[in-house]
Amino acid sequence: MIGRLNHVAIAVPDLDAAAAQYRDTLGAQVGAPQDEPDHGVTVVFIELPNTKIELLHPLGVDSPIAGFLEKNPAGGMHHVCYEVDDIIAARDHLKSTGARVLGDGEPKIGAHGKPVLFLHPKDFNGCLIELEQV
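Predicted model only: the values in this text are computed from it and were never measured.

### Comments concerning the nonpolar core
Argument step 1. If you look at the biggest cluster of nonpolar residues, it comprises 23 residues, and the most contacted ones within it are Tyr22, Ile46, Ile53, Leu55, Leu119, Ile129 and Leu131.
Argument step 2. Of all elements in the fold, only α1 (15-25), β4 (41-47), β5 (52-58), β6 (76-84), α3 (87-96), β8 (115-119) and β9 (128-133) reach the threshold of two or more residues within this core.
Argument step 3. Ranked by residues supplied to this core, first place goes to α1 with four residues.
Argument step 4. Once residues within four sequence positions are removed from consideration, leucine 55 is found in contact with Ile10, Val12, Leu15, Ala18, Ala19, Tyr22, Thr42, Val43, Val44 and Ile46.
Argument step 5. By size, the runner-up hydrophobic cluster in this structure holds nine residues, among which are Ala9, Val43, Phe45 and Ile65.

### Concerning the UniProt feature "domain: VOC" (unreviewed entry) in the protein
Argument step 1. If you check UniProt for "domain: VOC" (unreviewed entry), the listed places come out as residues 4-134 in our numbering.
Argument step 2. Taken end to end, residues 4-134 is 22% helix and 37% strand, and its first and last C-alpha atoms sit 10 Å apart.

### Some words on α3
Argument step 1. Buried residues of α3: Ile87, Ala90, Arg91 and Leu94, and no others. Along the axis of α3, the buried positions cluster into a sector of 100 degrees, meaning they face one direction only.
Argument step 2. In this structure aspartate 86 caps α3, since a side-chain oxygen of it lies 3.1 Å from the backbone nitrogen of isoleucine 88.
Argument step 3. Looking one or two places after α3, you find glycine 98, whose phi comes out positive at around 100 degrees.

### What to know about helix α2 (residues 64-71)
Argument step 1. Three or more residues of α2 are buried, namely Ile65, Phe68 and Leu69. For α2, the buried positions fall inside an angular range of 95 degrees around the axis, keeping them on one side. Opposite the buried face of α2, by more than 90 degrees, sit the exposed residues Glu70 and Lys71.
Argument step 2. Those residues of α2 that are buried are in contact with β1 (5-11), β4, β5 and β6.
Argument step 3. Measuring from the backbone nitrogen of isoleucine 65 back to the side-chain oxygen at the start of α2 gives 3.1 Å, which picks out serine 63 as the cap.

What counts, and at which threshold
Position numbers for residues count from 1 along each chain, tracking the sequence in the order it is written. Whole-chain, interface and lining totals are the exception, using all residues; otherwise, since this is a predicted model, local features are given only for residues with pLDDT of at least 70 and side-chain atom pairs are given and counted only at 80 or more. Note that the side-chain values use all heavy atoms of the structure and ignore hydrogens as well as water. What makes a nonpolar core is a set of buried Ala, Val, Leu, Ile, Met, Phe, Trp, Tyr and Cys residues whose side-chain atoms join them at distances within 4.5 Å. In this scheme, a residue with accessible area under 20% of its type's maximum is buried, one over 50% is exposed, and one in between is partly exposed, where area comes from a 1.4 Å probe on protein chains only. The way it works is that DSSP assigns letters per residue, a run of H or I at least four long becomes a helix, a run of E at least two long becomes a strand, and they are numbered from the N terminus. Whether two residues are in contact is decided by their heavy atoms: any pair within 4.5 Å suffices. UniProt positions are given in the numbering used here, feature names are shortened, and annotations may be inferred rather than shown by experiment. The directions considered for the arc are those from the helix axis to the C-beta atoms. Whenever a nitrogen or oxygen atom comes within 3.5 Å of another N or O atom, the pair is scored as a polar contact, on the condition that within protein one atom can donate a hydrogen and the other can accept it, and that pairs from neighbouring residues in sequence are kept only if both atoms are in side chains.

Structural data, given as structure tokens:
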């Protein structure tokens, strides 16, 4: 059901500093900051030959990333995102196996302009999973 790894997301307390570190220290291709108000984050994508890194920074007072950074002030890995061909079929299959879909269970449009869902980390070995339809 899941396809390739789309990205690994890292929550960061300082988006500019993190982007500069990937660009200047690691020599990576770093995109421009992009506000995602529906998700409460500002993101920067780092293009790698085989996947992407998504830097996440809180946007607004209700950002889920703000709570993550309160518990992890230095930042850290937040989630992994896998591609799926049909997000509704994937959701329905996962729910039938007992996996919990976060939110209202309906896909939202993600940072790539495609439907996404998040799966509860307690159902996946402590790892928050994002699914993105491709």
